[in-house]
Structures are given as structure tokens and as C-alpha cells.
Amino acid sequence: MAFFTHFFVIDCGTSARDTSSYEVTVRVDGDIVTIVDDGNGITESESPYIFERYYRGTNTDDARGSGLGMAISRDIIEAHGGKVEVDSAPGHGTSIRITFMT
């Protein structure tokens, strides 16, 4: 599970060239990995697209990346029988819950 956790944290941490400081918390509880940040959050209109290949949110004009990180992460997790759920709101950060079926 360390790989998945590392990949998501790296993807979240490199998505914008913002000089702001964000806190990211990773919790592993059995077969569930929860990654929570206190960043800008994702709008409801953007949420359906965050796992689409090459999708980059509307706040990424001055950012590195190809828009593949979240899609690849989700595909790897699902290939291993897992599920990814995202809960986010603008101004309140994002919570990503990865559940592996055992």
C-alpha cells in the first residue's frame, strides 16, 4: 500500500506551482488508506473529471504535469481490486479514500 499512498501524495503535491503551504495527512487503517489535505478543494462541477486522462483542473494554468497522475493511480488501484472515493469542497480541501477488497 505504500506505493499507492506515495503516488497519490506526490500527485497532489505537484499539481500546482503555488507557493502556499498545504498539510497532507495519510492514514492507513487495515485495507483503507485515507489521504486528506487542506488545499483549495475541487468544485462539484470538476469532480466527475478528476480521474479522466489528461484532465487538469481549472486552477492549473501555471502548473506542471500532464493530467495523467490521478487516472493512472485509479487504474492501478482498481486493477488490484480496490476502489477510490473522493470528497472535496472549494475552500475545505480534499479527502481521498482508497479501499482494497480482501
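Residues numbered from 1 in each chain as written. Predicted model: local features only at pLDDT ≥ 70, side-chain atom pairs only at ≥ 80, totals over all residues. Heavy atoms only, no water.

(A) Summary view of the overall build of the protein. When helices and strands are tallied, the protein shows 2 helices and 4 strands. Counted from the first residue to the last, the protein has its helices and strands arranged as α-β-β-α-β-β. Considering the protein as a whole, with its 102 residues, one finds that 30% of them fall into the buried category. Here the analysis covers contacts within the protein between residues at least 6 apart in sequence; of these, 52% occur between residues at least 24 apart. Within the structure as shown, the protein displays about 6500 Å² of accessible surface, and the carbon and sulfur contribution to it stands at 51%. (Helix = DSSP H or I, 4+ residues; strand = E, 2+ residues; numbered from the N terminus. Buried < 20%, exposed > 50% of the residue type's maximum accessible area, 1.4 Å probe, protein only. Contact = heavy atoms within 4.5 Å. Areas by Shrake-Rupley, 256 points an atom, 1.4 Å probe, with all protein chains shown as cover.)

(B) Quick peek at the nonpolar core. Counting residues in hydrophobic clusters, the biggest one holds 11 residues: Val33, Ile35, Ile42, Ile50, Phe51, Met70, Ile77, Val84, Ile96, Ile98 and Phe100. At the level of secondary structure, the elements contributing two or more residues to this core comprise strand S2 (32-37), helix H2 (69-79) and strand S4 (94-100). Examining the composition of this core, we find that 3 residues originate from one element, S4, more than from any other. (Core = buried A, V, L, I, M, F, W, Y, C linked by side-chain atoms within 4.5 Å.)

(C) Representation of a nonpolar patch on the surface in the model. Together, Val24, Val26 and Val28 give the surface a local cluster of nonpolar side chains, amounting to about 210 Å² of exposed area. For valine 26, the position within the fold is in strand S1 (residues 24-29). Classification of valine 26 as partly exposed rests on a relative accessible area of 36%. (Patch = residues over 30% accessible without salt bridge, like charges linked within 9 Å, V, L, I, M, F, W, Y side chains within 5 Å. Salt bridge = Lys/Arg side-chain N within 4 Å of Asp/Glu carboxyl O.)

(D) Representation of the environment of aspartate 87 within the structure. Its place among the elements puts aspartate 87 in strand S3 (residues 82-88). For aspartate 87, a relative accessible area of 58% translates into the label exposed. A sequence separation of 51 residues divides aspartate 87 from valine 36, and the C-alpha atoms of the two residues are 9.4 Å apart. Not counting residues within four places of it along the chain, the set of residues in contact with aspartate 87 comprises Gly93, Thr94 and Ser95.

(E) Representation of the side chain of serine 88 in the model. Note that serine 88 resides in strand S3. Within polar-contact distance, the side chain of serine 88 engages the backbone nitrogen of isoleucine 42 at 2.7 Å. Those residues in contact with serine 88 that sit more than four places away from it in its chain are Gly41, Ile42, Gly93 and Thr94. (Polar contact = N/O pair within 3.5 Å; in protein donor to acceptor, adjacent residues only side chain to side chain.)

(F) Structural view of the environment of aspartate 29. Along the polypeptide, aspartate 29 turns up in strand S1. Considering only alpha carbons, one finds aspartate 29 and threonine 99, 70 residues apart in sequence, at a separation of 9.8 Å.

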